[in-house]
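Structural overview for review
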There are 2 protein chains.
Amino acid sequence: MRLAELSERSGVSTATIKYYLREGLLPPGRQVNATTAEYEEEHLRRLRLVRALIQVGRIPVATAKEVLGHVDDESLGRTMRLGAALWALPQPPEPAEDDAAVTAARREVDRLLAEVRWDSVRELGDLSPVHRSLVTTVATLIRLGYDWNAEELVPYARLMREVAARDLDFLETHESDAEKAEMAVAAAVLFEPVLRALHRLAQEEESARRYGIV
Amino acid sequence: MRLAELSERSGVSTATIKYYLREGLLPPGRQVNATTAEYEEEHLRRLRLVRALIQVGRIPVATAKEVLGHVDDESLGRTMRLGAALWALPQPPEPAEDDAAVTAARREVDRLLAEVRWDSVRELGDLSPVHRSLVTTVATLIRLGYDWNAEELVPYARLMREVAARDLDFLETHESDAEKAEMAVAAAVLFEPVLRALHRLAQEEESARRYGIV
């Protein structure tokens, strides 16, 4: 398709598409002559993802570029390709220093991971920014004086594992590793808010069932 | 306990506690003489929640005051007391206009709620800001051209219902309705990031199990 059609089908103006092309967020089309390029379905798909990252996720252009660099990195194995793309997304702040709360949080998170036998992420440990952010959040809870121990988290971890298995089943409906990585990033930005809303709606439903609606 | 002990046990400076008292975020202590007031365990608990809202949730003082107003409102039934407190927390933006994507999203969300028989939230509908935010997010997905239908969300909704049942089981370990509402608010601000981190860690574990770690 030509630029005009790509713009119409994506709802992104031609000026913005040209900007994304210049910034390297979108790979160039196939040049058919000096002034015309031809674009494929994969350009449309990539354009949707770029819009999701920038307009919905409010992610800076430089960060989006880094995320997409990992999506396109064919030298990576599948786990690291998904991981690297997701890890490049903006992450919550990390602990400033290793105080007593961080030490306690690290111990509780490790006990939790051992209990549910998540051996791979336990081994990765601090390498994963997600692991570091879990430690930070648990440390905040401890610092605020909320009672806290690994056992209480076990059933939640098990349920999240079921959710994650569904996520990956869904990714597997996409053929190439590049498409899988693209969908993983789109899901992190677009689907997490859906999941959070479903969680809160479920609380309302459960509360109404237990205590009545008013 | 005296102000100095309340400060020490909470880790909040006496100046900040006095500010919270002036702003009505913390109920006054029992005056024992002209210059001294006595504080109870419930003051400590409330102080932790105020810190969680303001320092961790970065919620404006006026909003925190509104949230706590609902927590303390004894005229409300339990569902509405929990609901009103949570609804007063900052919510994602709402749809600007009812375009075709919003109409389609509204229909898909309604089909989903019918399918999983969440009759109470279906009845509440647009009254709940959580319901409105789910519609907004689904509309964004549709607008970006991501394939979308209610059936795919059904298993996720069922898992979130199990998570919500655990949440309420936990709330029920707290005696009074005021404590329950306090914990519900604390969990929305402090526990949701834990759940999100667990979800992402579970994806990493599942990916490593399926595709190997590198």
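Note that the coordinates shown come from a computational prediction; the quantities given were computed from them, not determined experimentally. (Residues numbered from 1 in each chain as written. Chains lettered and ligands numbered in written order. Predicted model: local features only at pLDDT ≥ 70, side-chain atom pairs only at ≥ 80, totals over all residues. Heavy atoms only, no water.)

1. Remarks on the overall build of chain A
Counting secondary structure elements, chain A contains ten helices and two strands. For chain A, the sequential pattern of α-helices and β-strands runs α-α-β-β-α-α-α-α-α-α-α-α. Overall size of chain A, expressed as C-alpha extent along the three principal axes, is 65 × 45 × 30 Å. Taken across its 214 residues, chain A has 52% of its residues classed as buried. Partitioning the contacts of chain A with sequence separation of at least 6, the portion at a separation of at least 24 is 62%. Carbon and sulfur atoms provide 50% of the accessible area of chain A, an area that totals close to 10,100 Å². Of the side chains in chain A, 28 bear a positive and 36 a negative charge, and the two mean positions are spaced by 3 Å. (Helix = DSSP H or I, 4+ residues; strand = E, 2+ residues; numbered from the N terminus. Buried < 20%, exposed > 50% of the residue type's maximum accessible area, 1.4 Å probe, protein only. Contact = heavy atoms within 4.5 Å. Areas by Shrake-Rupley, 256 points an atom, 1.4 Å probe, with all protein chains shown as cover. Lys, Arg positive; Asp, Glu negative; His and termini not counted. Charge placed at Lys NZ, Arg CZ, Asp CG, Glu CD.)

2. Some points on helix α3 (residues 41–56) of chain A
With 16 residues, α3 of chain A should reach 22 Å at 1.5 Å per residue; the first-to-last C-alpha distance of 22 Å fits that figure. Within α3 of chain A, the full set of buried residues consists of His43, Leu44, Arg46, Leu47, Leu49, Val50, Arg51, Ala52, Leu53 and Ile54 of chain A. Tucked into the core, α3 of chain A has its buried residues touching α1 (3–10), α2 (14–22), α4 (61–71) and α10 (177–211) of chain A together with α8 (129–143) of chain B. One or two residues past the end of α3 of chain A sits arginine 58 of chain A, with phi positive at roughly 50°. (Expected span 1.5 Å × (residues − 1).)

3. Observations concerning the domain arrangement of chain A
Residue and element names in this part refer to chain A. Per the domain assignment, the segments of chain A are domain 1 (3–76) and domain 2 (100–211). Each of domain 1 and domain 2 has a C-alpha centre, and the two are 31 Å apart. Of the charged contacts, one joins glutamate 179 and arginine 45 as a salt bridge, the two residues approaching to 3.7 Å between their closest N and O atoms. For the pair domain 1 and domain 2, the number of links is two residue pairs in polar contact (both at pLDDT 80 or more). (Domains from an automatic or database assignment. Salt bridge = Lys/Arg side-chain N within 4 Å of Asp/Glu carboxyl O. Polar contact = N/O pair within 3.5 Å; in protein donor to acceptor, adjacent residues only side chain to side chain.)

4. Details of the UniProt feature "domain: HTH merR-type" (unreviewed entry) in chain A
The sites that carry the UniProt feature "domain: HTH merR-type" (unreviewed entry) are, in the present numbering, residues 1–70 of chain A. Counting secondary structure, residues 1–70 of chain A comes out at 61% helix and 10% strand; the distance between its end C-alpha atoms is 26 Å. (UniProt positions renumbered as here; feature names shortened; annotations may be inferred.)

5. Re the pairing of strand β1 (residues 30–33) of chain B
All names here are of chain B. Both β1 and strand β2 (residues 36–38) contribute to a ladder of three bridges, which runs antiparallel. Each residue of the ladder has a partner; that of arginine 30, found in β2, is glutamate 38. Where β1 hands over to β2, the hairpin turn is made up of two residues, counted between the paired strands. (Pairing = 2+ DSSP bridges.)

6. Considerations on the interface of chain B and chain A
Across the boundary between the two partners, chain B contributes 82 residues, which contact 82 residues of chain A. When the buried surface of chain B facing chain A is broken down by residue, Tyr156, Arg200 and Glu205 of chain B rank first, second and third, together holding 9% of it. Counting across the interface, chain B meets chain A through eight salt bridges. The partner of aspartate 169 of chain B in a salt bridge is arginine 210 of chain A, with the nearest N and O atoms 3.0 Å apart. Along the contact surface separating chain B from chain A lie 34 residue pairs in polar contact (both at pLDDT 80 or more). (Buried area = accessible area lost by both parts, 1.4 Å probe.)

7. Structural notes on the relation of the copies chain B and chain A
Expressed as a screw transformation, the operator carrying chain B onto chain A has a rotation angle of 180° and an axial translation of 0.0 Å, and the superposed copies differ by an RMSD of 0.0 Å. The superposition operator between the copies reduces to a two-fold rotation axis. Nearest to the rotation axis, the C-alpha of leucine 159 of chain B is located 3.4 Å from it, this being the minimum over chain B. Of the residues that chain B buries at the interface, 100% are likewise interface residues in chain A, meaning the two copies contact each other through the same surface. (Least-squares fit on C-alpha atoms with pLDDT ≥ 70 in both.)

8. Focus on the side chain of arginine 51 of chain B
Examined against the element boundaries, arginine 51 of chain B turns out to sit in helix α3 (residues 41–56). For arginine 51 of chain B, which is buried and forms no salt bridge, the nearest opposite charge comes from aspartate 99 of chain A, at a distance of 9.4 Å. Beyond its immediate sequence surroundings of up to four residues, arginine 51 of chain B is in contact with Arg143 and Leu144 of chain A together with Ser10, Val12 and Val56 of chain B.

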